[in-house]
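Structural description and commentary
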Amino acid sequence: MTENNEMTEIIDKNLEDIEIQEVLKNGTDLREYALQIDKNIKEAEKNSVADYLKESENIASLHNQIEDCDEILAKMESMLLVFQNDLGSISNEIISLQKRSVSMSVQLTNRQALKGPLASFIEDMAVSETLIFGINNVPVIDKEFMVQLAILNQKLNFVKEQDFKETKACHDVKDVLEKLKIKSVSKIRTYILEQIYKFRKPMANYQIPQNAMLKYKFFFEFILANERNVAQEICNEYIDTLSKVYYSYFKSYASRLDKLKYEEVPTKDDLMGIEDGSKGGFFQKSNLKNKSTIFTIGNRGDVLAQELEAPIIVPHVQQKTKYSYEALFRSLQYALVDNSCREYLFTTEFFHVKGSHAQELFDRILGKTLSLLVKNVENYVLECYDCLALFLCIQLINRYRWMCHKRAVAALDSYWDSLLASLWPRLEYVLKLNIQSVRDCDPAKLSNKEMGPHYITRRYAEFSAAMLSLSEQFPSEELSNLLLALQDEVHCFLLKMAAEFPQRIQQLIFLINNYDMVLSILMERTRDNTKEAESFREQLQARSTEYVEEILSPHFGELMQFVKEGEQLLESDRKTELANLEKKSISLVTSFTASWKQSLEEIHREVLVSFPNLVTGSGLLQMALTNFVQYYHKFVKLLTPNARTQLVNIHVIMVEIKKYKTNY
């Protein structure tokens, strides 16, 4: 309202200013103008009063209406104030209800969160009638007893945990659970001891009660967790029973196997360097019946192959059959491996032990038995001179150790080590005795002085091939060194034996026959690249080359000497001496032409007679004929044209040589 008045005043002032400016502009007299203005104002006042008088009734009516409106607005103001007070009260009630809703929501959440644990707590703590009946009345082998026992075990563990937290509810069920635990332990103890006592029955199958115990292995777990004294009692009873059972079984089995052993055994006189039949040794014909010599492997190596996991020997079934020691050793050790692995796996699973505790428990069960078997081997070793038997036993140990590890059982490692500690030193000792026997062998005192393979060579070849083939899977540096020493002694012996023959060609025949036999046996039974085979191959090649020269020399010696001298003169360019040598060639041509066919026939006969191995003899003959042809070619080149016309044509010689070609 004030702003409108101010605006009107500003407009009026502006109008007056305009009018004043207009008056001043037109040059109107100001006094007249003022009078005129005053007159206009008075007329306006009169008109205004008249208008007010004319509208007086309307103004009075308007006044009355305004007063009525004021009364109405006052009433409305009073009503709105009441509404305002009512709305304030409702807002407070809404806030109160909201707070109550939040509080009730928190309470509901807390109760829902507590519902699960509380229900679980009550379920774990409460002892049902079903549980009491199942523990007290259901047989232990019944499935229901196992279910209730698991529930009881869970409740016992839960109560122990809550008792530690000083939960008061534990006092309500503690006595009942204790009585149920005692009842369960009593029933389980009786059942397990009954199973253990079944082992004591003669001819009992150990697997049946063990399988029954494994089926209910939770029984021992329950006792171990709740009554350690009873668990220890059961464990001790099992150890005591099984220890006696295994000891009795293996003692009896080893004793009965020992009766199946060959009666004739090698002695200290049955060594490689001792001649056949001397001092009543192992090589007498009566001792060779139904078995091979101690240097020949024969089928004895089958214990490492197809017989390794064969069924064990049953003494009362095979009491008429005799076996070598390694076959009996295999049967005994395989029975031990089978029983030991099963026993170790059973004890770890049933008694819940592992690592050093499992090893300790295993040793308590089988320790006495293992000591007995080690003692038996030690007793055998003291009088054993059979290297192959000793080495086969060592290889059996290596394979059975690997078999145990494959079954995740390392409990027998110390036992295997004890056996090896007895076998290896004895094997080294007997091998050294054989080496010494070859070293001490005097060729001059031997009755057999033929040029064929010597008995020592044959024994060495068979023995060396056997040892090398047996050690391929588990090589030993100590054994390799001993075999190398034996090889050196055999080499020395062959050279000494060859020296007994007066002629060099006889010496070469003897050496070639022996080297060839050794090499043939080594290549047949071992790998071609062994050190031993390579050594004898080199010796054979050297002696064969020398033999070829020796066999050709008696028949074509002059021709060969002529070629050697001629080649030397050609190389040194000594023409004068070469011319003198050509004079000698005429007589050589004449002599060669007259006797070459007969010489080839004699060479053929000598070679085949000297070597029992037809392949070797044929090879040497071909080498000799090849060398002869080479010498002949060189001889032809050294001759003068005149001498060549008298010489036999090379094609004629080649046709004759083809007659001696064999298909070996």
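This structure is a prediction, so every number in the text was calculated from the model and none was measured.

Conventions and cut-offs
One numbering rule holds for all chains: residues counted from 1, following each sequence as written. Per-residue local features of the predicted model are confined to residues with pLDDT of at least 70, and side-chain atom pairs are confined, for both listing and counting, to 80 or more; whole-chain, interface and lining totals are unaffected and use all residues. Hydrogen atoms and water are omitted, and side-chain values are computed over all heavy atoms in the structure. Helix and strand definitions here come from DSSP, where helices need a minimum of 4 consecutive H or I residues and strands a minimum of 2 consecutive E residues; each element is numbered from the N-terminal end. Exposure categories follow from relative accessible area, calculated using a 1.4 Å probe and restricted to protein chains: below 20% of the type maximum is buried, above 50% is exposed, and the middle band is partly exposed. Here, residues are in contact when the closest pair of their heavy atoms is within 4.5 Å. Only the protein chains shown count as covering a residue, and every accessible area follows the Shrake-Rupley method with a 1.4 Å probe. Every case where a carboxyl oxygen of Asp or Glu lies within 4 Å of a side-chain nitrogen of Lys or Arg is listed as a salt bridge. Nonpolar cores are built from buried Ala, Val, Leu, Ile, Met, Phe, Trp, Tyr and Cys residues. Side-chain atoms within 4.5 Å join them into one set. Expected span, for any helix, means 1.5 Å times one less than how many residues it has. Polar contacts, as used here, are pairs of N or O atoms within 3.5 Å; protein pairs need one atom able to donate a hydrogen and one able to accept it. Residues neighboring in sequence count only if both atoms are side-chain atoms. Note on definitions: angles span 0 to 180 degrees between N-to-C directions of axes, and those axes are lines fitted to C-alpha atoms, for helices only across the stretch in contact. Oblique is the label for any angle not covered by the other classes, which are roughly parallel (under 35 degrees), roughly antiparallel (over 145) and roughly perpendicular (65 to 115). By convention, the crossing between two helices is left-handed when the near helix turns anticlockwise from the far helix through less than a right angle, and right-handed when the turn is clockwise. Note on residue classes: Ala, Val, Leu, Ile, Met, Phe, Trp, Tyr, Cys and Pro are nonpolar, Asp, Glu, Lys and Arg are charged, and everything else, Gly too, is polar. On a scale of 0 to 100, pLDDT captures the predictor's confidence in every residue. Patch membership needs two things, relative accessible area over 30% and no salt bridge, and members are linked within 9 Å if like-charged or within 5 Å if nonpolar (Val, Leu, Ile, Met, Phe, Trp, Tyr). Charge convention: Lys and Arg are scored as positive, Asp and Glu as negative, and His as well as the terminal groups of each chain are ignored. Lysine's charge is taken at NZ, arginine's at CZ, aspartate's at CG and glutamate's at CD. Two cysteine sulfurs form what is called a disulfide whenever their separation falls within 2.5 Å. Pairing of aromatic rings covers Phe, Tyr and Trp, the last counted by its six-membered ring, and requires centre-to-centre distances within 6.5 Å; plane angles under 30 degrees mean stacked, over 60 mean edge-to-face, and any other angle means tilted. A ring is considered to have a charge above it if a Lys NZ or an Arg CZ atom is located within 6 Å of its centre and within 35 degrees of its normal.

Turning our eyes to something else, we now look at the overall build of the protein chain. Per the secondary structure count, the protein chain includes 21 helices and zero strands. Split into buried and exposed, the 664 residues of the protein chain put 40% on the buried side. Sequence separation of 24 or more characterises 76% of the internal contacts of the protein chain that already satisfy a separation of 6 or more. As presented, the protein chain carries roughly 38,600 Å² of accessible surface, and 54% of it is formed by carbon and sulfur atoms.

Let us now look at the pattern of salt bridges. Evaluated as defined, the whole model comprises 19 salt bridges. Here Glu-178 and Lys-181 are joined by a salt bridge, their closest N and O atoms 3.2 Å apart. Taken together, the residues Glu-178 and Lys-181, both in helix 6 (residues 170-197) and three residues apart, mark about one turn of the helix. For Asp-413, the salt bridge is made with Arg-401, and the minimal N-O distance between the two is 3.8 Å. One end of the pair, Asp-413, is in helix 13 (residues 413-440); the other, Arg-401, is in helix 12 (residues 387-406), and 12 residues separate them in sequence. On the basis of relative accessibility, which here comes to 17%, the residue Arg-401 falls in the buried class. Residues joined in a network through salt bridges with shared partners are Glu-178, Lys-181 and Glu-227.

It is worth spelling out unusual backbone geometry at this point. A negative phi angle is the norm for most residues apart from glycine, just as the trans form is the norm for most peptide bonds. Here His-352, not a glycine, exhibits a phi torsion of approximately 55 degrees, which is positive. With respect to the helices and strands, His-352 occurs in the loop between helix 10 (325-350) and helix 11 (356-382). One non-glycine residue with positive phi stands out, namely Ala-408, at about 65 degrees. Within the element layout of this structure, Ala-408 appears in the loop between helix 12 and helix 13. Since its relative accessible area comes to 57%, Ala-408 is described here as exposed.

On to the nonpolar core. Grouped together as the largest cluster of nonpolar side chains are 175 residues, with contacts concentrated most on Phe-463 and Tyr-547. Once you skip the residues sitting within four places of it in the chain, Phe-463 turns out to touch Met-272, Phe-295, Cys-387, Leu-388, Leu-431, Leu-483 and Leu-486.

Spanning 25 residues, helix 19 (residues 614-638) covers 36 Å between terminal C-alpha atoms, matching the ideal 36 Å at 1.5 Å per step. The backbone nitrogen of Val-615 has a side-chain oxygen 3.0 Å away, supplied by the residue at the start of helix 19, namely Asn-613.

Two quantities define a packed helix pair, namely the angle between the axes and the distance from one axis to the other. Between helix 16 (residues 504-525) and helix 17 (residues 531-572), the least distance of the axes is 9 Å, while the angle of their chain directions is 150 degrees. By the criterion of interaxial angle, the relationship of helix 16 to helix 17 is roughly antiparallel. Once helix 16 is placed against helix 17, the crossing between them reads as left-handed. Of the residues in helix 17, those in contact with Arg-504, Ile-505, Leu-508, Ile-509, Leu-511, Ile-512, Tyr-515, Asp-516, Val-518, Leu-519, Leu-522 and Met-523 of helix 16 are Glu-532, Ala-533, Phe-536, Arg-537, Gln-539, Leu-540, Arg-543, Ser-544, Glu-546, Tyr-547, Glu-550 and Ile-551. In terms of residue class, the contact of helix 16 with helix 17 is built from 15 nonpolar, two polar and seven charged.

Across the protein chain, the average pLDDT comes to 84, with 88% of residues at 70 or higher. When mean pLDDT is compared element by element in the protein chain, helix 11 scores highest at 95, while helix 1 (residues 2-26) scores lowest at 60. Of the regions scoring below 50 in pLDDT, residues 279-292 engages in 29 contacts with residues more than four places distant in sequence or in other chains.

Here the focus is a negative patch on the surface. A contiguous patch of negative charge, built from Glu-67, Asp-68, Asp-70 and Glu-71, is present on the exposed surface. Mapped onto the secondary structure, Asp-68 falls in helix 3 (residues 56-125).

This paragraph deals with the state of the cysteines. Overall, the coordinates contain zero disulfides when judged by the stated rule. Note on Cys-387: no disulfide assigned, nearest cysteine sulfur contributed by Cys-384 at a separation of 7.7 Å. Taking the relative accessible area as the measure of exposure, Cys-387 reaches 3% and is therefore buried.

The geometry of helix 11 relative to helix 13 is characterised by a closest axis approach of 10 Å and an angle of 5 degrees between their N-to-C directions. In terms of orientation, helix 11 lies roughly parallel with respect to helix 13. Between helix 11 and helix 13, the residues in contact are Leu-370, Leu-373, Val-374, Val-377, Glu-378, Val-381 and Leu-382 and Tyr-415, Ser-418, Leu-419, Ser-422, Leu-423 and Arg-426, respectively. Broken down by class, the residue content of the contact of helix 11 with helix 13 amounts to nine nonpolar, two polar and two charged.

The residue Ser-340 is located in helix 10 in this model. What Ser-340 contacts, discounting residues up to four positions off in sequence, is Phe-362, Leu-366 and Leu-412.

Let us now look at the packing of aromatic side chains. With the rule as written, the count across this model stands at 32 aromatic pairs. With a centroid separation of 6.4 Å and 90 degrees between ring planes, the pair formed by Phe-346 and Phe-351 is classed as edge-to-face. Cluster of aromatic residues (ring-pair linked, three or more members): Phe-199, Phe-220, Tyr-238, Phe-346, Phe-350 and Phe-351. The ring of Tyr-247 has Lys-368 lying over it, and the distance from NZ or CZ to the ring centre is 4.5 Å.

On to a nonpolar patch on the surface. A contiguous nonpolar surface patch, about 400 Å² in accessible area, is contributed by Met-79, Leu-80, Val-82 and Phe-83. Mapped onto the secondary structure, Leu-80 falls in helix 3. Given the relative accessible area of 53%, Leu-80 is considered exposed.

With respect to the helices and strands, the residue Phe-219 is situated in helix 8 (residues 217-226). The spatial distance from the C-alpha of Phe-219 to the C-alpha of Val-140 is 9.2 Å, given a sequence separation of 79 residues. Apart from residues lying up to four places away in sequence, Phe-219 is in contact with Val-140, Phe-145, Met-146, Leu-149, Ile-188, Tyr-191 and Ile-192.

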